[in-house]
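Understanding the architecture of this molecule
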Amino acid sequence: MVKDQSATLAQLQRLEHLFPAYLAERGIDAEVMTSRRFLGTIYTDPKANAVFPHINKEGLSGLELHNKGFKHFVAGGEKALWFSRVFASDTRLVVTESPIDALSYHQIKGEEHTRYVSFGGNMSDRQKELLQSAIQKMPENALIVAATDKDKAGDGFA
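So, here's what we can say about the structure. (Residues numbered from 1 in each chain as written. Predicted model: local features only at pLDDT ≥ 70, side-chain atom pairs only at ≥ 80, totals over all residues. Heavy atoms only, no water.)

**Some remarks on the overall build of the protein chain**
Note the threshold: What counts as a helix is a DSSP run of H or I of at least four residues, what counts as a strand is a run of E of at least two, and both are numbered from the N terminus. Burial classification: accessible surface area is computed with a 1.4 Å probe over protein chains only, and a residue below 20% of its type maximum counts as buried, one above 50% as exposed, and the rest as partly exposed. Every residue pair with non-hydrogen atoms within 4.5 Å of one another is taken to be in contact.
In terms of regular secondary structure, the protein chain is built from six helices and eight strands. For the protein chain, the proportion of its 158 residues judged to be buried stands at 47%. Partitioning the contacts of the protein chain with sequence separation of at least 6, the portion at a separation of at least 24 is 63%.

This is how it looks when you write it as structure tokens:
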């Protein structure tokens, strides 16, 4: 349960849909950030952090921030899952450790009909349940891709 969903929503409403320079520094093209797949899923705060909203079954649950040498989850929220936009024609779900990994994957592969989800690092039991639900919402015969880091933790998540 979100500690203070109204405060989290108020924070999100104060943010802009501008695309963070940090993502460009990480090599993410503006074309990716402005694609219909990611519209409304990436924000910028007043400190130029990339902000990624997390969603649980009740809706907005928290905000994950990224910048150079900085990763933070905003107090008052619950870490859940970050999602790209979802379309009825999607036949592939790519699961990543961070939203930036999802953006990078999309930039490299550019696969149509692909939605993305990120668990933002370590995965709680609640996040596992949410991920299972996201997988179950995919159409029959959908492809599920584990696009995690090539390290011990990434292998464990996969």
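Having put the structure on the table, let's press on.
**Some thoughts on the packing of aromatic side chains**
Aromatic ring pairs are described here by two measures, namely the spacing of the ring centres and the angle between the planes. Going by this rule: Pairing of aromatic side chains requires ring centres within 6.5 Å, counting the rings of Phe and Tyr and the six-membered ring of Trp. Pairs whose planes differ by under 30 degrees are stacked, by over 60 edge-to-face, and all others tilted.
Applying the stated criterion across every chain yields a total of four aromatic pairs. With centroids separated by 6.2 Å and ring planes inclined at 10°, the aromatic side chains of F38 and W82 adopt a geometry described as stacked. Taken together, the positions of F38 in the loop between α3 (30–33) and β1 (43–44) and W82 in strand β5 (residues 82–83) put the pair 44 residues apart, joining distant regions of the chain. In this structure, F38 and W82 share a single accessibility class: buried. Here the aromatic rings of F52 and W82 are separated by 5.9 Å at their centres, their planes lie at 85°, and the arrangement is edge-to-face. Taken together, the positions of F52 in strand β2 (residues 50–56) and W82 in strand β5 put the pair 30 residues apart, joining distant regions of the chain. Each of the two residues, F52 as well as W82, counts as buried.

**Structural notes on the nonpolar core**
The condition is simple: Definition used in this section: a nonpolar core is a set of buried Ala, Val, Leu, Ile, Met, Phe, Trp, Tyr and Cys residues joined via side-chain atoms within 4.5 Å.
Ranked by internal contacts, the top residues of the largest apolar core, which has 18 residues, are L23, F38, I42, F52, L103 and Y116. Elements represented by at least two residues in this core include exactly α2 (21–25), α3, β2, α4 (99–109) and β8 (143–147). In terms of residues, this core owes the most to one element, α4, which gives four residues. Leave out the neighbours within four places in its chain, and L23 touches I28, M33, I42, A50, F52, I100 and L103. In this structure, L93, F119, L130 and L131 belong to the second largest nonpolar core, which totals ten residues.

**As for the pairing of strand β3 (residues 59–67)**
This is how it is decided: Only strands that DSSP links by at least two bridges are regarded as paired with each other.
With respect to burial, β3 is a largely interior element, eight of its nine residues being buried. The pairing of β2 with β3 spans seven bridges and is classified as antiparallel. Bridging across to β3, I55 finds its partner in L60. Between β2 and β3, which pair antiparallel one after the other, the connecting turn spans two residues. With four bridges connecting them, β3 and strand β4 (residues 70–73) associate as antiparallel partners. Each residue of the ladder has a partner; that of L65, found in β4, is H72.

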